[in-house]
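# Structural overview
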Amino acid sequence: VLGNNSALTPKLKLTSEDDWIQLFKKSGAVDTTSSEEGEGGSTVVVVHMERFLRYCFDIAYKMPPSPNNKILRGTLKEAQGAGGGVAVVPSLSI
């Protein structure tokens, strides 16, 4: 997950065990259940690796949200004001 050439490495700084624990908890991939069998109760921790890897993939590769229409309209109005009422909007390439 965090190799030398990983896309995730620049986005996460995991230097301690606590950093890793917080990452797993934040991912929603950890289920913890306690069983109370007398005084020797135990805690069972289940890690859903597919969910955790999906979370890591989203951090590494997910695109930021697109700007909303208000921002685009504001930019368009500024361009119209500066250019004498004619706005040139660049074409969208997909």
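Because the structure is a prediction, the values reported are computed rather than measured.

## Section: the overall build of the protein
The number of helices and strands found in the protein is 3 helices and 2 strands. The order of α-helices and β-strands along the protein, N terminus first, is α-β-β-α-α. In the protein, of all internal contacts separated by at least 6 residues, the share reaching a separation of at least 24 is 32%. When the accessible surface of the protein is split by element, carbon and sulfur atoms take 55% of a total near 8,100 Å².

## With respect to the packing of aromatic side chains
Inspection of the entire model under this criterion finds 2 aromatic pairs. Taken together, a centroid distance of 3.8 Å and an interplanar angle of 5° make the contact between Phe-24 and Phe-52 stacked. Linking Phe-24 in helix H1 (residues 17-27) with Phe-52 in helix H2 (residues 49-61), this pair joins segments that are 28 residues apart in sequence. The buried category is assigned to Phe-52, whose relative accessible area is 2%. With a centroid separation of 4.9 Å and an interplanar angle of 45°, the aromatic rings of Phe-57 and Tyr-61 are classed as tilted. With Phe-57 and Tyr-61 both in helix H2 and 4 residues apart, this pair spans about one turn of that helix.

## Brief notes about H2
Look at H2: 18 Å from first C-alpha to last across 13 residues, which is about the 18 Å you get at 1.5 Å a residue. Among the residues making up H2, those that are buried are Phe-52, Tyr-55, Cys-56 and Ala-60. Along H2, the residues classed as buried sweep out an arc of 130° about the axis, all on the same side. Packed against the buried residues of H2 are H1.

## Examining the nonpolar core
Core analysis: the biggest nonpolar cluster contains 9 residues, these being Leu-8, Leu-12, Leu-23, Phe-24, Ala-29, Phe-52, Tyr-55, Cys-56 and Ala-60. For this core, the secondary-structure elements that each account for two or more residues are H1 and H2. If you tally residues by element for this core, the top one is H2, at 4 residues. With residues near it in sequence (within four places) discarded, Tyr-55 still touches Leu-23, Lys-26 and Ser-27.

Conventions and cut-offs
- Residues numbered from 1 in each chain as written.
- Predicted model: local features only at pLDDT ≥ 70, side-chain atom pairs only at ≥ 80, totals over all residues.
- Heavy atoms only, no water.
- Helix = DSSP H or I, 4+ residues; strand = E, 2+ residues; numbered from the N terminus.
- Contact = heavy atoms within 4.5 Å.
- Areas by Shrake-Rupley, 256 points an atom, 1.4 Å probe, with all protein chains shown as cover.
- Phe/Tyr/Trp six-rings, centres within 6.5 Å; stacked < 30°, edge-to-face > 60°.
- Buried < 20%, exposed > 50% of the residue type's maximum accessible area, 1.4 Å probe, protein only.
- Expected span 1.5 Å × (residues − 1).
- Arc of directions from axis to C-beta.
- Core = buried A, V, L, I, M, F, W, Y, C linked by side-chain atoms within 4.5 Å.

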